[in-house]
There are 2 protein chains.
Amino acid sequence: MKAKRNPARLFNLLAETFKALGDSSRVQIVWALSHGELCVGDIAKLVSMSPSAVSHHLRTLRNLNLVSVRREHRTLFYSLDDIHINGLLTEGIDHVEELIP
Amino acid sequence: MKAKRNPARLFNLLAETFKALGDSSRVQIVWALSHGELCVGDIAKLVSMSPSAVSHHLRTLRNLNLVSVRREHRTLFYSLDDIHINGLLTEGIDHVEELIP
DNA sequence: AGCTCACTTGAACATCTGTTTAAATGAGAA
DNA sequence: TTCTCATTTAAACAGATGTTCAAGTGAGCT
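All residue numbers refer to position in the chain's written sequence, counted from 1. By the order in which they are written, chains take letters starting at A while ligands take numbers starting at 1. A pLDDT threshold of at least 70 governs which residues receive local features in this predicted model, and a stricter bar of 80 or more applies before side-chain atom pairs are shown or counted, although totals over entire chains, interfaces and linings include all residues. Hydrogens and water molecules were not included; the side-chain quantities draw on all heavy atoms of the structure.

A. Geometry of the protein's contact with DNA strand C. Nearness of a residue to a molecule or strand requires only that one of the residue's heavy atoms be within 4 Å of it. Surveying the vicinity of DNA strand C reveals 23 residues, the closest of which are Arg26 and His57 of chain A together with Ser52, Ser55 and Tyr78 of chain B. Of all DNA strand C atoms lying within 4 Å of any protein atom, the proportion belonging to sugar or phosphate reaches 62%. Any N or O atom pair separated by 3.5 Å or less is treated as a polar contact, with the protein-specific requirement of one donor-capable and one acceptor-capable atom, and with residues adjacent in sequence counted only for side-chain atom pairs. In the environment of DNA strand C, a phosphate oxygen lies 2.9 Å from a nitrogen or oxygen atom belonging to the side chain of Ser25 of chain A. For DNA strand C, a base oxygen lies 2.7 Å from a polar atom in the side chain of Ser52 of chain B. Of all elements in the fold, only α2 (24-33) and α4 (51-63) of chain A together with α3 (40-46), α4 (51-63) and β3 (75-80) of chain B reach the threshold of two or more residues within the surface near DNA strand C. Here a helix means four or more residues in a row that DSSP labels H or I, a strand means two or more in a row labelled E, and each is numbered from the N terminus. The element that contributes the greatest number of residues to the surface near DNA strand C is α4 of chain B, accounting for six residues.

Structure, rendered in structure tokens:
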């Protein structure tokens, strides 16, 4: 693990990133997107939430570059932004699966 | 990414785990511990916090099995609980370092 | 026993967070 | 243009969260 130029800013961003994943609604959304891109309505059905609530969560995920968007006609398709997001998810799952016997 | 037996419980634990890392004080503590075990007082100095605040944070990290303790005389030494914690940290750092040019 | 040191705990406080509801946007069809 | 559909946005609320301060624990020394 190497040193960094602006530790305070990096730790803040790092904490914000984990915080974005630190909500069971959002982590379910990210999990759903780890299988492929989805539009807001489909995410809402998959995680049993209102489109409005999903949209709010997607905004916080977008703000931290955890997801990205693509427009097709009237529909917005969301997907995970980079490989590290999947890595965080699998590493997290590996950790918690050791806790549940 | 495989399926799970009790999705709701697993997602909750997963979210709690990320939430525990989703605080700049705690992520600094975890970062400090990624270099080796430390006692409470030394952590407090490293992250410029009161021992009390550090102790509170260590409890939430302990509750989620992110850190573990070892006693030596009057001193408690904390360390990261398993390899996945380091993995989460490095994966998170890799992600945010791409965001800061 | 009494004393000190390293740490933990509890209560209080202001601040932040997720969800709901209702209204608004904006792209495309008619 | 007007209408519809997919999504976003704003305001509001209850519930959660981090930090501080003061008090409490309990191990080891004298």
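B. Expanded view of the pairing of strand β2 (residues 67-72) of chain B. All names here are of chain B. Of the strand pairs in this sheet, β2 and β3 are connected by six bridges, and their pairing is antiparallel. The partner of Ser68 across the bridge, within β3, is Ser79. What makes two strands pair is DSSP finding at least two bridges between them. Hairpin connection between β2 and β3: a loop of two residues separates the two successive antiparallel strands, and His73 in this loop has a positive phi of roughly 55°.

C. Spatial organisation of the sheet that holds strand β1 (residues 38-39) of chain B. Residues and elements named next belong to chain B. Judged by pairing direction, the sheet is antiparallel, and its three strands sit side by side in the order β1-β3-β2 without closing on themselves. Single-partner strands in this sheet number two, and they are β1 and β2. Examined bridge by bridge, β1 and β3 share two bridges and lie antiparallel to one another. Bridge pairing links Cys39 to Phe77 in β3. Throughout, a residue-residue contact means that at least one pair of heavy atoms, one from each residue, lies within 4.5 Å. Here the axes come from fitting lines to C-alpha atoms, over the contacting stretch only for helices, and the angles between their N-to-C directions go from 0 to 180 degrees. In the packing of α4 onto the sheet, contacts are made with β2 and β3, and the angle to β2 comes to roughly 115°.

D. Up close: unusual backbone geometry. In the Ramachandran plot, His73 of chain A falls in the positive-phi region, its phi being about 55° despite a non-glycine side chain. With respect to the helices, strands and loops of the structure, His73 of chain A is situated in the loop between β2 (67-72) and β3 (75-80).

E. Inspection of the sheet that holds β3 of chain A at higher detail. Residues and elements named next belong to chain A. Taking strand neighbours across the sheet as the criterion, the three strands line up as β1-β3-β2 in an open arrangement whose pairing is antiparallel. The sheet terminates laterally at β1 (38-39) and β2, the two strands that pair on one side only. Across the sheet, α4 lies against β2 and β3, angled at about 115° from β2, the strand it touches most.

F. Structural detail: the side chain of Arg26 of chain B. Residue and element names in this part refer to chain B. Examined against the element boundaries, Arg26 turns out to sit in helix α2 (residues 24-33). Working definition: with a 1.4 Å probe on protein chains only, accessible area under 20% of the residue-type maximum means buried, over 50% means exposed, and in between means partly exposed. When charges are counted, neither His nor the chain ends are considered; positive counts come from Lys and Arg and negative counts from Asp and Glu. Salt bridges are defined as contacts in which a side-chain nitrogen from Lys or Arg sits within 4 Å of a carboxyl oxygen from Asp or Glu. Asp23 is the oppositely charged side chain nearest to the buried, salt-bridge-free Arg26, at an N-O distance of 4.4 Å. The contact partners of Arg26, leaving out residues within four places of it in the chain, are Lys19, Ala20, His57, Thr60 and Leu61.

G. Spatial organisation of the interface of chain A and chain B. On the side of chain B, 44 residues touch chain A, which itself brings 44 residues to the contact. Together chain A and chain B conceal approximately 4300 Å² of surface at their shared face, both sides included; 72% is due to carbon and sulfur atoms. Inspection of the region where chain A meets chain B yields zero salt bridges. Taken together, the links from chain A to chain B amount to eight residue pairs in polar contact (both at pLDDT 80 or more). Elements that contribute at least two residues to the side of chain A that touches chain B include exactly α1 (7-21), α2 and α5 (83-99) of chain A. Only Asp, Glu, Lys and Arg are considered charged, only Ala, Val, Leu, Ile, Met, Phe, Trp, Tyr, Cys and Pro nonpolar, and every remaining residue, Gly among them, polar. Across the side of chain A that touches chain B, the residue classes tally to 20 nonpolar, 13 polar and eleven charged. Summed over both partners, buried area is the accessible surface (1.4 Å probe) that two parts give up on being assembled.

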